Amino acid sequence: MAFETIVVEISDHIAVLRLNRPKQLNALSQQLLGELAQAVGEADANDKVRCIVITGNEKAFAAGADISEMAEQSFADVYTKNFFVDEAAAINRCRKPIIAAVAGYALGGGCELAMMCDFIIAADTAKFGQPEINLGVMAGMGGSQRLTRLVGKSKSMDMHLTGRFMDAEEAERSGLVSRVVPAKKLMDETMAAADKITEKSMIAASAIKEAVDQAEEMSLSQGLIFERRLFHSLFATEDQSEGMAAFVEKREAQFRDK
Ligand code: HXC
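### Considering the side chain of Thr198
In this structure, Thr198 sits in helix H9 (residues 186-198). Aside from chain neighbours lying at most four places away, what touches Thr198 is Asp12, His13, Ile14, Arg50 and Cys51.

### What to know about helix H4 (residues 85-92)
Those residues of H4 not exposed but buried are Glu87, Ala88, Ala90 and Ile91. Projected onto a plane normal to the axis of H4, the buried residues spread over an arc of 160° and lie on a single side. Where H4 is buried, its residues touch helix H1 (30-45), strand E5 (98-102) and helix H5 (109-116).

### Section: the packing of aromatic side chains
Applying the stated criterion across every chain, the model contains 4 aromatic pairs. Centre to centre, the rings of Phe231 and Phe235 are 5.2 Å apart; their planes meet at 75°, and the pair counts as edge-to-face. Given a relative accessible area of 48%, Phe231 falls into the partly exposed group.

### Here's the deal with the packing of H1 against H4
Between H1 and H4, the least distance of the axes is 8 Å, while the angle of their chain directions is 25°. Between H1 and H4, the crossing angle belongs to the class labelled roughly parallel. Between H1 and H4 the crossing geometry is left-handed. Taken together, the residues of H4 that come into contact with H1 (itself represented by Leu33, Gly34, Leu36, Ala37 and Val40) are Glu87, Ala90 and Ile91. In terms of residue class, the contact of H1 with H4 is built from 6 nonpolar, 1 polar and 1 charged.

Conventions used here
Residues numbered from 1 in each chain as written. Predicted model: local features only at pLDDT ≥ 70, side-chain atom pairs only at ≥ 80, totals over all residues. Heavy atoms only, no water. Helix = DSSP H or I, 4+ residues; strand = E, 2+ residues; numbered from the N terminus. Contact = heavy atoms within 4.5 Å. Buried < 20%, exposed > 50% of the residue type's maximum accessible area, 1.4 Å probe, protein only. Arc of directions from axis to C-beta. Phe/Tyr/Trp six-rings, centres within 6.5 Å; stacked < 30°, edge-to-face > 60°. Axes fitted to C-alpha atoms, helices over the stretch in contact; angles between N-to-C directions. Parallel < 35°, antiparallel > 145°, perpendicular 65-115°, else oblique. Left-handed = near helix turned anticlockwise from the far one by under 90°. Nonpolar A, V, L, I, M, F, W, Y, C, P; charged D, E, K, R; others polar.

Take it as geometry only, folks, not as evidence of what the structure does.
This is the structure:
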């Protein structure tokens, strides 16, 4: 299906999903989030794709859910439609690594979308915020939970209650983003990181994604057992034999996802 609000480009085993409503600062309309969820599902199912990048443009990753669409909605509307729940679940189901490349505004649902990704690379122009309180509402796609886990209670409360924005430097210092790069280099640096991931064993990558995600769900002792089981199980893969043999033989590993 042709998409109208996102642009999908697949090359060198990387699917780049670019949000594309520039006039609305990539506000997340129901159409956009639906198309994005579908594109993530298709990239996940596409054997050629080994890493996914979600990005916006220079001015905005996404300035939040589309306020003009939400303005007319009642409780009954959002409750019965389960507003954005299925779309978020579809993105969270993805087993392949997803990197968010963020320049400009990542606000409200935009910040939440970036946090759904496995890690965030930020341009030095990035601005993060959960300003829903200014609209008389609050985060609804994971912001109160994920931002708190990433930056701690005090800063998360500050962001949600005052609605202030956090710049890229503060976001890196607080653990919201993994690295900050000059805006002009955002896509080069992100594609280089994605490229590195595509060279790895996809079985190991998916197991790592599962284990790190469980760190937010389980106690430490349960998480350590979960990690150990996955670690041991990777010894059943050809990629483990190949990876270790390649190290011993001082050559590049050729992983086959088996
Ligand atoms: C709809 C939006 C929008 C949004 C910007 N626009 N954000 N439209 N939904 N979230 C539109 C503007 O209406 C305007 O359209 C155009 O984009 C450019 O925006 P400006 O405001 O003129 O730009 P600027 O002065 O540079 O200010 C940028 C901004 C501001 C600071 C990002 O636009 C802003 O505060 N936006 C709202 C941010 C926000 O509150 N996000 C949270 C939404 S609630 P026109 O047609 O006038 O040119 C949310 C809940 C998620 O995300 C829950 C999910 C379940």
